[in-house]
Amino acid sequence: MNAVDHDTCKVVTPGDVLGKASEISPGKGTYVATDAAGVKLVYAALTGSLSLNSPSSPSDKRLVAEVTGHKAHGAVPERDCIVLCRVKKVTPMMASADIMCVGEKALKEKFTGIIRQHDVRATEVDKVYMYASFRAGDIVKAEVVSFIPILLDFLHPLLAITICSFGSGEKMVPISWTEMQCPVTGQIEQRKVAKVEN
Amino acid sequence: MEFVSPEGLRLDGRRPLEMRQLRAEIGSISKADGSAVFEMGNTKVIAAVYGPREVENKSQQISDKALVRCEYTMANFSTGDRVRKPKGDRRSTEISMVIRQTMESCILLEKFPQSQIDIFVQVLQADGGTRSACINAATLALADAGIPMRDLVTSCSAGYLNSTPLLDLNYVEDSAGGPDVTVGLLPKMDKVTLLQPDVALPEIMQMDSKLPIDIFENVMQLAIEGCKAVAIYIREILLENTKQLEYRRGK
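Just so it is clear, the model here is predicted, and its values are computed rather than measured. (Residues numbered from 1 in each chain as written. Chains lettered and ligands numbered in written order. Predicted model: local features only at pLDDT ≥ 70, side-chain atom pairs only at ≥ 80, totals over all residues. Heavy atoms only, no water.)

J.: Summarise the nonpolar core; cite the residues concerned and give the values.
T.: Formed by 90 residues in total, the largest nonpolar core has its most connected members in F38(B), I99(B), M103(B), I107(B), I119(B), L140(B) and L142(B). Examining the composition of this core, we find that 12 residues originate from one element, helix α5 (residues 213-249) of chain B, more than from any other. With residues near it in sequence (within four places) discarded, L140(B) still touches A24(B), I26(B), A36(B), F38(B), I234(B), I237(B) and L238(B). Of all hydrophobic cores here, the second largest spans 12 residues; its members include L18(A), A21(A), A44(A) and L52(A). (Core = buried A, V, L, I, M, F, W, Y, C linked by side-chain atoms within 4.5 Å. Buried < 20%, exposed > 50% of the residue type's maximum accessible area, 1.4 Å probe, protein only. Helix = DSSP H or I, 4+ residues; strand = E, 2+ residues; numbered from the N terminus. Contact = heavy atoms within 4.5 Å.)

J.: So what's going on with the side chain of S115(B)? Residues and values would help.
T.: Following the sequence through the fold, S115(B) ends up in strand β5 (residues 115-125). Excluding anything up to four places from it in sequence, S115(B) contacts V76(A), F111(A), P52(B), R53(B), V55(B), A66(B) and L67(B).

J.: Explain the packing of aromatic side chains to me, and be specific about the residues and the numbers.
T.: Scanning the entire structure with this criterion turns up two aromatic pairs over all chains. Their ring planes at 20° and their centres at 5.5 Å tell us that Y31(A) and Y43(A) sit as a pair that is stacked. One end of the pair, Y31(A), is in strand β4 (residues 30-34); the other, Y43(A), is in strand β5 (residues 40-44), with 12 residues separating them in the sequence. For the residue pair Y31(A) and Y43(A), the accessibility class agrees, reading buried in each case. Taken together, a centroid distance of 6.0 Å and an interplanar angle of 75° make the contact between Y50(B) and F120(B) edge-to-face. Remark: F120(B) occurs in strand β5 and Y50(B) occurs in strand β3 (residues 43-54); sequence separation between them is 70 residues. Its end group placed over the ring of Y131(A), R135(A) keeps NZ or CZ at 4.2 Å from the ring centre. (Phe/Tyr/Trp six-rings, centres within 6.5 Å; stacked < 30°, edge-to-face > 60°. Lys NZ or Arg CZ within 6 Å of the ring centre and 35° of its normal.)

J.: Describe in detail the packing of helix α1 (residues 90-104) of chain B against helix α2 (residues 130-144) of chain B, supporting the description with residues and values.
T.: Residues and elements named next belong to chain B. At a minimum axis distance of 10 Å, the contact between α1 and α2 shows a crossing angle of 45°. By the angle between their axes, α1 is oblique relative to α2. Note that α1 runs across α2; the crossing there is right-handed. On the side of α1, the interface is formed by R91, E94, I95, I99, T102 and M103, while α2 contributes T130, R131, C134, I135, A138, T139 and L142. Class assignment of the residues belonging to the contact of α1 with α2 gives a composition of seven nonpolar, three polar and three charged. (Axes fitted to C-alpha atoms, helices over the stretch in contact; angles between N-to-C directions. Parallel < 35°, antiparallel > 145°, perpendicular 65-115°, else oblique. Left-handed = near helix turned anticlockwise from the far one by under 90°. Nonpolar A, V, L, I, M, F, W, Y, C, P; charged D, E, K, R; others polar.)

J.: Give a description of a nonpolar patch on the surface that names residues and reports values.
T.: All names here are of chain B. Taken together, M1, L11, Y171 and V172 make up a surface patch of nonpolar side chains, about 460 Å² in accessible area. Along the chain, L11 turns up in the segment before β1 (22-26). Using a relative accessible area of 43% as the deciding quantity, one classes L11 as partly exposed. (Patch = residues over 30% accessible without salt bridge, like charges linked within 9 Å, V, L, I, M, F, W, Y side chains within 5 Å. Areas by Shrake-Rupley, 256 points an atom, 1.4 Å probe, with all protein chains shown as cover. Salt bridge = Lys/Arg side-chain N within 4 Å of Asp/Glu carboxyl O.)

J.: If you had to explain the sheet that holds β5(A) to someone new, which residues and values would you point to?
T.: Residues and elements named next belong to chain A. If you walk across this open sheet you meet the three strands as β2-β5-β4, and the pairing is antiparallel. The open sheet terminates on both sides in strands that have one partner only, identified here as β2 (17-20) and β4. Each strand axis lies, on average, 30° off the axis of its neighbour in the sheet, ignoring direction. As paired strands, β4 and β5 are joined by five bridges and run antiparallel to one another. The residue of β5 that forms the bridge with Y31 is Y43. (Pairing = 2+ DSSP bridges.)

Next up, the structure:
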């Protein structure tokens, strides 16, 4: 197996040997295992085209082998990733939300996330009034904190309500850190508002 | 009863070391994340894979890896007599567990903690070797779904009748009462993940002798060779499918 193989049309299947772990670094769609002779090899984990890319970090001179399949498996929310969710239920202590997108990838089936009272903001965590921060049906951008169960937090100013609507069905416009206004009726509602990106 | 004629032909005209014709199709079920139809001779099996997705039963959730669920069913019309209980009976439950354990050994579960991968396999036409066909179909469906695996898992059965090792038994040969074994193999790793001998019926065990160990090794080796042949075919199918997708994308 050549170390510098720029033939990107090469299609591999799971279990194909891509090279030695000492020469190539494992990227997406690959994994490292020791074979019968005790040599560490990089194997393909997906069916797709193999590409050898430039080294990821300056300290690691090995080329990065990646296998890109045509059908990527559904995304799974992981720690520290930004997710887009729709709030389902709000109680005084917590709110539950359906995670619809992970990063930029939309999910086929939802995952459930929980927003706890003290994860809503960084200051005065006990005085958070959940009902003044979220309502059912709001679209929220959050960060995944932990996994059992999926907990979401909003400590970053860019996170929190991005879209919400009031009875009229119109998308509300943020007017301050804690308030959103409906452009049609002029009604102001309290929410935890995300920083508007220009 | 004669299963191998003096000329060396089996009941369906095959040679003892000859496998049945293989046929596979990927992506038959568009709603599923991955799907495949696999045929070994007259045995036809369809597999659908959903996942990774949220675990339905939170109590079964595993914190550091994915949960694999497998369900094996036989369609009512799959055998000559109408199948009375397609799922939930002992044989189906046992085969579901066997397929689950085999696939668990090859999927890289650590990449999806706290999620679930569902594998559904249904036998559309049963003519012996349904277990093997199901494992092969599940492998193709998982590869179609883009779920990372260590290697493809392939499976084949082999038996011993009329003092001859036979590869890929059909229903008549399977129910003849001779010993047979189903082997699941990771072909590139050369590792056996499933080794399931079929216990002969008690009445026949009295007449038929127990299988000497060297003959058993022979039969097992034959099944392993069969698995490798299936693996070559499955890889061809996957490569062909990838090329088709690339043409359609206009590359």
